[in-house]
Amino acid sequence: MEQYDAIIIGSGLGGLECGYILARHGMKVCVLERHAQPGGCLQTFQRGNVRFDTGFHYVGGLGEGQPLHRLFRYFGLLDLPWYPLDEAAFDEVVFDGKTYAFANGYERFADTLARHFPARRGELAAYAAFLKHVGEHLFDAFTPGNADSLYTTSLFAQSAYDFLKETTDDPLLRKILSGTSLKMELCAGTLPLYVFAQINSAFIQSAWRLRGGGSQIAERLSQQLRAMGGEVRTRAEATRLTEAGGRLATVEVNGEEQLSARWVISDVHPACTLALADETKLLRNIYRKRIASLPNTFGMFTLHLRLKPGRVPYRNRNVFVHDRLSDGWHDRPEDGTRSVMISYYPPEAGSSCAPALDILSPMSWSEVAPWKDLPSGRRGESYEQLKADRAEACIRLASGQIPGLRDAVEKMYTSSPLSYRSYTNAVEGSAYGIRKDYTRPMYTLLTPRTPIPNLLLTGQNLNLHGILGVSVTSFFTCAEILGREAATGGLELT
């Protein structure tokens, strides 16, 4: 039986980063991926001459000295083909016929929006200063004595929605400040202030695309892990975890092969992880029920458009278009397509036009649940009609910003939460993992530790989702094995 220091279930960003950290410390690591391609939501797919991203579109905080720059320097990812979005308007919010630019730099961000809200200049400055403060303290949890601060800080126990209401009593300004937040679930009754502030702060610092697709991140991490003696095995599904002597003893692969390891790290949803250990006595029913009862964030409908050459000018920014926005926080995905994010793929050399677009819109699991037990391609006409209706609504909203879009489309492809579940093993096709709840922070924020001594968790379901959040969490997970000081050795924390 093959023996490892650590077996990692799932090759999403968190799994690969944990493998990298442990291999860098000389441990024998094996990453198991059930699909043919590593990467989780970093996976890409090819259609014609265009490579489409499944879940990755842009990152924040990658500028020199910024948090993601420090993390990606550690992981050897800085020399990928990153390029910055338009600093004067990396994002645009379109609402009620007007366009509002989000600029990089905290002061510039506030000054740019103040042109539309001159009487609110002081409130915007205070808002930007608060985000700056939160962003500057991202790595505080790595400081000795603050080991659990990320999970207990008061910002996780405060409402993001209430914070905005307290920051400004201008309802339109609140809508605009919330208008780029398809990168999180804007649930007024649950979203913690820390999640809202940290994610928005990172993008205001700087915003970047990756030419060629997010799979390059997974490919680079896999290459480096293998160079350090680790393994990344695709088409290798963890099908069972068994215990012996009060610890996990073996990981079954593809229903037949048995592997053993001193540590097992799971980068898949905690509910899926526990299902693999269905016979162990180490997990009490109360813990299983707690994990199973945690609600998940909504999913995403994505319309991938391959465009006719020379038809749609490339825009080096993302555009968020809102049809009607009560206040941005009470929208229910099942109410229909009310908001979309338009993400442009960069042009080929010598061209000024985009070869493709992604148009994303929130979608609830309830909309696709009737077909959840049917395989892809065999879900029938009603499911295809649902996707066609959603695609039409997305094009309608986007066409207001891209004249002639319908005629410019060469081919369209769609994905729903069912697609996301199939390719990332996300429960209910959730886009951002388990829903964090500021009213129950200690219940909905999971630590890497589980009741099984040598089983750890990592990834977006624990505390903060996104590239930045998952990268930070990978160090927390590895610190349970290596110790906090050793795990963060080589990472620039200040």
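For the structure itself, look to the data block above.
Just so you know, these numbers come straight off a predicted model, no measurement behind them.

J.: I tried to follow the overall build of the chain on my own but got confused; where do I start?
T.: Counting its secondary structure elements, the chain contains 18 helices and 19 strands. Burial status across the chain gives 60% buried among its 494 residues. Long-range contacts, defined as pairs at least 24 residues apart, comprise 72% of the intrachain contacts of the chain with a sequence gap of at least 6. Of the accessible surface of the chain, which amounts to about 19,200 Å², a share of 49% is contributed by carbon and sulfur atoms. Separation between the mean location of the 53 positive side-chain charges and that of the 53 negative ones in the chain comes to 2 Å.

J.: Whenever I open this one, the nonpolar core confuses me. Can you help?
T.: Here is a general trend for soluble globular proteins: nonpolar side chains tend to be buried in one another's company. Counting 99 residues, the largest nonpolar core has Trp82 and Ile217 as the members making the most contacts within it. Not counting residues within four places of it along the chain, the set of residues in contact with Trp82 comprises Phe56, Val59, Leu62, Phe72, Leu77, Trp208, Arg209, Leu210 and Ile217. Of all hydrophobic cores here, the second largest spans 32 residues; its members include Leu305, Val340, Tyr344 and Leu357.

J.: I'm lost on the pattern of salt bridges in this one. Help?
T.: A side chain of one charge can pair with a side chain of the opposite charge if their charged atoms are brought near each other. Summed over all chains, the structure comprises 25 salt bridges. Notably, a salt bridge pairs Glu480 with Arg449, separated by 2.8 Å at the nearest N-O pair. One end of the pair, Glu480, is in helix α17 (residues 466-482); the other, Arg449, is in the loop between α16 (441-444) and β19 (455-457), and 31 residues separate them in sequence. Under the relative-accessibility criterion, Arg449 is labelled partly exposed at 41%.

J.: Can you walk me through empty space enclosed by the protein in this structure?
T.: Remark: the empty space left among the atoms is shown by a probe the size of a water molecule rolled over them. A full pass over the atoms with the stated rule returns four cavities of 30 Å³ or more. Here the largest cavity defines a volume of roughly 90 Å³. When grouped by side-chain class, the residues that make up the lining of the largest cavity number six nonpolar, three polar and three charged. The space that makes up the second largest cavity amounts to roughly 60 Å³. Elements with a minimum of two residues in the lining of the second largest cavity: α4 (121-136) and α8 (193-205). For the lining of the second largest cavity, the per-class residue count stands at seven nonpolar, two polar and two charged.

J.: Just to check I follow, could you spell out the packing of aromatic side chains for this structure?
T.: One pair of aromatic rings is described through two measures. These are the centre distance and the angle between the planes. All told, the structure shown has 23 aromatic pairs when counted by the stated rule. Here Phe52 and Tyr345 contribute two aromatic rings whose centre-to-centre distance is 5.5 Å and whose plane-to-plane angle is 80°, an arrangement assigned as edge-to-face. You can see Phe52 sitting in strand β4 (residues 50-53) and its partner Tyr345 sitting in the loop between β16 (339-344) and β17 (356-363), a full 293 residues away along the chain. An identical accessibility class is assigned to Phe52 and Tyr345; each is buried. Measuring from centroid to centroid gives 5.8 Å for Phe298 and Tyr432, while their planes differ by 70°, and the two rings are edge-to-face. Of this pair, Phe298 sits in the loop between α11 (285-293) and β14 (299-307) while Tyr432 sits in the loop between α15 (417-424) and α16, placing them 134 residues apart in sequence. Overall, Phe298 belongs to the buried group, its relative accessible area being 12%. Just above the ring of Tyr74 sits the side chain of Arg24; from NZ or CZ to the centre is 4.0 Å.

J.: Any chance you could explain the sheet that holds strand β9 (residues 207-210) here in plain terms?
T.: Strand pairing in a sheet takes place through backbone hydrogen bonds and is either antiparallel or parallel in direction. Taken together, the three strands give an open sheet; going across it, the order is β5-β9-β6, and neighbouring strands pair in antiparallel fashion. Each edge of the sheet is formed by a strand with only one pairing partner; in this case those strands are β5 (59-60) and β6 (82-84). Strand direction decides the pairing type here: β5 and β9, joined by two bridges, are antiparallel. The partner of Gly60 across the bridge, within β9, is Ala207.

J.: It is not clear to me how the pairing of strand β15 (residues 318-322) should be interpreted in this structure. Could you clarify?
T.: For β15, a buried count of five out of five residues is recorded, marking the element as mostly surrounded by other parts of the structure. Here β15 shows two buried faces, one formed by Asn318, Phe320 and His322 and the other by Val319 and Val321. Pairing geometry for strand β7 (residues 91-95) and β15, over five bridges, is parallel. Bridge pairing in β15 places Val93 opposite Phe320. Where β15 meets β16, five bridges bridge the pair, whose relative direction is antiparallel. Across the sheet, Val319 pairs through a bridge with Ile342, a residue of β16.

J.: I tried to follow the packing of helix α1 (residues 13-24) against helix α9 (residues 215-227) on my own but got confused; where do I start?
T.: Packed helix pairs are characterised by how far apart their axes lie and by the angle those axes make with each other. Contact geometry of α1 with α9 gives a least axis separation of 9 Å together with a crossing angle of 25°. One element, α1, and the other, α9, form an angle in the roughly parallel class. Like other packed secondary-structure pairs, α1 and α9 cross with a definite hand, here left-handed. Note on element contacts: α9 touches α1 through Ile217, Ala218, Leu221, Ser222, Gln224 and Leu225, opposite Leu13, Leu16, Glu17, Gly19 and Tyr20.

J.: Before we go on, may I ask you to explain the sheet that holds β16 in this structure?
T.: Strand order in the open sheet formed by seven strands is β8-β7-β15-β16-β17-β14-β18, and the pairing between neighbours is mixed. For this open sheet the edge positions go to β8 (98-102) and β18 (409-415), each flanked by a neighbour on one side alone. Neighbour-to-neighbour, the strand axes of the sheet open up by a mean angle of 20°, direction not taken into account.

J.: Could you clarify how one ought to interpret the pairing of strand β12 (residues 247-253) in this entry?
T.: The side chains of a regular strand alternate, first on one face of the sheet and then on the other. When you tally the buried positions in β12, you get five out of seven residues, the bulk of the element. One ladder, built from six bridges, connects strand β11 (residues 238-244) with β12; its direction is antiparallel. Bridge pairing in β12 places Ala244 opposite Arg247. The loop that links β11 with its antiparallel partner β12 comprises two residues; one of these, Gly245, has a positive phi angle of about 65°.

About the cut-offs
- Residues numbered from 1 in each chain as written.
- Predicted model: local features only at pLDDT ≥ 70, side-chain atom pairs only at ≥ 80, totals over all residues.
- Heavy atoms only, no water.
- Helix = DSSP H or I, 4+ residues; strand = E, 2+ residues; numbered from the N terminus.
- Buried < 20%, exposed > 50% of the residue type's maximum accessible area, 1.4 Å probe, protein only.
- Contact = heavy atoms within 4.5 Å.
- Areas by Shrake-Rupley, 256 points an atom, 1.4 Å probe, with all protein chains shown as cover.
- Lys, Arg positive; Asp, Glu negative; His and termini not counted.
- Charge placed at Lys NZ, Arg CZ, Asp CG, Glu CD.
- Core = buried A, V, L, I, M, F, W, Y, C linked by side-chain atoms within 4.5 Å.
- Salt bridge = Lys/Arg side-chain N within 4 Å of Asp/Glu carboxyl O.
- 1 Å grid on protein atoms, 1.4 Å probe; cavity = no way out; pocket = protein on both sides within 12 Å on 5 of 7 lines; lining within 4 Å.
- Points joined across faces, edges and corners; volume = space filled by probe spheres on them.
- Nonpolar A, V, L, I, M, F, W, Y, C, P; charged D, E, K, R; others polar.
- Phe/Tyr/Trp six-rings, centres within 6.5 Å; stacked < 30°, edge-to-face > 60°.
- Lys NZ or Arg CZ within 6 Å of the ring centre and 35° of its normal.
- Pairing = 2+ DSSP bridges.
- Axes fitted to C-alpha atoms, helices over the stretch in contact; angles between N-to-C directions.
- Parallel < 35°, antiparallel > 145°, perpendicular 65-115°, else oblique.
- Left-handed = near helix turned anticlockwise from the far one by under 90°.

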